[in-house]
Amino acid sequence: MSFFDKMKASIGIGAAKVDTKLEKESYKQGETVKGNVFVLGGNTQQEINGLYIHVMTQVLREQDDRKYLDDFTLYKIKVSDAFVIEKGEEKVIPFSLQLPYETPITIGDVSVWMKTEMDVTFALDPKDNDYINVFENETVSSFLKAIESLGFYLNKVKNVPFKRSKTGVFQEFEYKPKGGPFQRSLDEVEIGFVADAQSVDLFIEVDRKARGLSGFLESAAGMDESKIRVQYKHFQKESVETAKQELMDILSRYSR
């Protein structure tokens, strides 16, 4: 292996390449992702220190009154230990990983992708990104359908950093009333979920409309917001009708 070939490989010219093929493109939160990582050798032998797959999304951060999107790793696994890839050789490495139950669903501008990273000493680490569709679990689905059936429309979805979740990310769904029983009493309702294999925690923040001088003072003092947390076990299998009644009870209580 010539010194010139090594130098070219270190800056990505004629270096080994990595390409991940997933079994499918759409998954439910908590589902197992399977696929194969294809490593194709370049123009010279290379030592690979390891292969990693990251489950990625973006979070909205704020710094110095500036908001920006930042790539965020939800979960990471090591697919392979160190190995040598020869010139022109192809290796196929199968893998499987379980998506976190808190993986954001891909709705609006929210995206989720699998980033494959090949660790190569003294070289540019080859990467491969594969975007996937993520759908909500049954409990989350029931509540999202239920709140819309109460006359709310989805205004905004965003991922924010959240230390109390296992992934460090919390997906917020901001709803506004367009009709229904809460059109005159609520400005907006934000809901989100923190889940694991056993349960789903539903978080609700209710923003009441300011009415009259007392309502204006409440709003100005930040007293018009109410925060609620309710836990549901997966085996409860919340139906849309049950979720609708529970949301109706909660929102009625906090919209007064």
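Residues numbered from 1 in each chain as written. Predicted model: local features only at pLDDT ≥ 70, side-chain atom pairs only at ≥ 80, totals over all residues. Heavy atoms only, no water.

A. Quick look at the overall build of the protein. Along its length, the protein carries four helices and 14 strands. Put simply, the protein has 256 residues, and 46% of those count as buried. Summarising the internal contacts of the protein: among those between residues at least 6 apart in sequence, 63% fall at separations of at least 24. When the accessible area of the protein is evaluated, it comes to approximately 13700 Å², of which 48% is carbon and sulfur surface. (Helix = DSSP H or I, 4+ residues; strand = E, 2+ residues; numbered from the N terminus. Buried < 20%, exposed > 50% of the residue type's maximum accessible area, 1.4 Å probe, protein only. Contact = heavy atoms within 4.5 Å. Areas by Shrake-Rupley, 256 points an atom, 1.4 Å probe, with all protein chains shown as cover.)

B. Structural context of helix 4 (residues 240-254). The end-to-end C-alpha distance of helix 4, which contains 15 residues, comes to 21 Å, matching closely the 21 Å that a straight helix rising 1.5 Å per residue would cover. Within helix 4, burial applies to Ala243, Leu247, Ile250 and Leu251. Down the axis, helix 4 shows its buried residues gathered within 90 degrees of arc, on one side only. (Expected span 1.5 Å × (residues − 1). Arc of directions from axis to C-beta.)

C. Broad picture of the pairing of strand 5 (residues 66-80). Of the strand pairs in this sheet, strand 4 (residues 46-63) and strand 5 are connected by 13 bridges, and their pairing is antiparallel. Looking across to strand 5, one finds that Ile53 is bridged to Ile77. A loop of two residues connects strand 4 with strand 5, the two strands running antiparallel in sequence, and Asp64 in this loop sits at a positive phi of about 55 degrees. (Pairing = 2+ DSSP bridges.)

D. Structural detail: the pattern of salt bridges. Taken as a whole, this structure holds 11 salt bridges when the rule is applied. Salt-bridge contacts for Glu205 lead to Lys227; the nearest nitrogen and oxygen are separated by 3.4 Å. Taken together, the positions of Glu205 in strand 13 (residues 199-208) and Lys227 in strand 14 (residues 225-233) put the pair 22 residues apart, joining distant regions of the chain. (Salt bridge = Lys/Arg side-chain N within 4 Å of Asp/Glu carboxyl O.)

E. Molecular detail of the sheet that holds strand 3 (residues 32-40). Ordered by their spatial adjacency, three strands build an open sheet running 1-3-7, and the pairing between neighbours is antiparallel. Only two strands of the sheet have a single partner each, and these edge strands are strand 1 (17-22) and strand 7 (90-98). Going across the sheet, the axis of each strand differs from the next one's by a mean of 25 degrees, ignoring polarity. Pairing of strand 3 with strand 7 involves nine bridges; the strand directions are antiparallel. The partner of Val37 across the bridge, within strand 7, is Ile93. (Axes fitted to C-alpha atoms, helices over the stretch in contact; angles between N-to-C directions.)

F. Expanded view of the packing of aromatic side chains. Tallied over the full model, the rule gives seven aromatic pairs. Look at Phe162 and Phe170: their rings are 4.9 Å apart centre to centre, the planes differ by 50 degrees, and that puts the pair in the tilted class. Taking the ring centre of Tyr52 as reference, the NZ or CZ of Lys76 above it sits at 4.7 Å. (Phe/Tyr/Trp six-rings, centres within 6.5 Å; stacked < 30°, edge-to-face > 60°. Lys NZ or Arg CZ within 6 Å of the ring centre and 35° of its normal.)

G. Molecular detail of empty space enclosed by the protein. For the structure shown, the criterion picks out one cavity of 30 Å³ or more. Of the volumes computed, that of the largest cavity is approximately 130 Å³. Residue lining of the largest cavity: 16 residues in total, with Gln29, Glu102, Thr103, Gln171 and Phe193 positioned closest to the centre. Of all the secondary-structure elements, those providing two or more residues to the lining of the largest cavity are strand 11 (169-177) and strand 12 (186-195). Looking at side-chain class alone, the lining of the largest cavity contains 10 nonpolar, five polar and one charged residues. (1 Å grid on protein atoms, 1.4 Å probe; cavity = no way out; pocket = protein on both sides within 12 Å on 5 of 7 lines; lining within 4 Å. Points joined across faces, edges and corners; volume = space filled by probe spheres on them. Nonpolar A, V, L, I, M, F, W, Y, C, P; charged D, E, K, R; others polar.)

H. Summary view of helix 2 (residues 138-149). Taking 1.5 Å per residue as the helical rise, helix 2 with its 12 residues ought to reach 16 Å, and the 16 Å between its terminal C-alpha atoms agrees with that figure. Inspection of helix 2 places Thr139, Val140, Ser141, Ser142, Phe143, Leu144, Ala146 and Ile147 among the buried residues, and these make up the whole buried set. The distance from a side-chain oxygen at the start of helix 2 to the backbone nitrogen of Thr139 is 3.1 Å, and the residue carrying that oxygen is Asn137. Immediately beyond the C-terminal end of helix 2, within one or two residues, lies Gly151, with a positive phi of roughly 95 degrees. (Polar contact = N/O pair within 3.5 Å; in protein donor to acceptor, adjacent residues only side chain to side chain.)

I. Fine view of the layout of surface pockets. Taken as a whole, the second largest pocket encloses approximately 240 Å³ of empty space. Along its surface, the second largest pocket is lined by 14 residues, and Leu69, Asp109, Val110, Val157 and Lys158 are the ones closest to its centre. Among the elements that take part in the lining of the second largest pocket, strand 10 (residues 152-161) stands out by supplying six residues, more than any other. Residue classes in the lining of the second largest pocket are distributed as five nonpolar, six polar and three charged.

J. Summary view of the pairing of strand 8 (residues 112-120). Of all the nine residues making up strand 8, eight are buried; the element is thus mostly covered by neighbouring parts of the structure. In the sheet, strand 4 pairs with strand 8 via eight bridges, with the strands oriented antiparallel. The residue of strand 8 that forms the bridge with Gly50 is Asp119. Bridge count between strand 8 and strand 9 (residues 127-135): six bridges; the pairing is antiparallel. Residue Glu117 lies in a different strand from strand 9, and its bridge partner there is Lys127.

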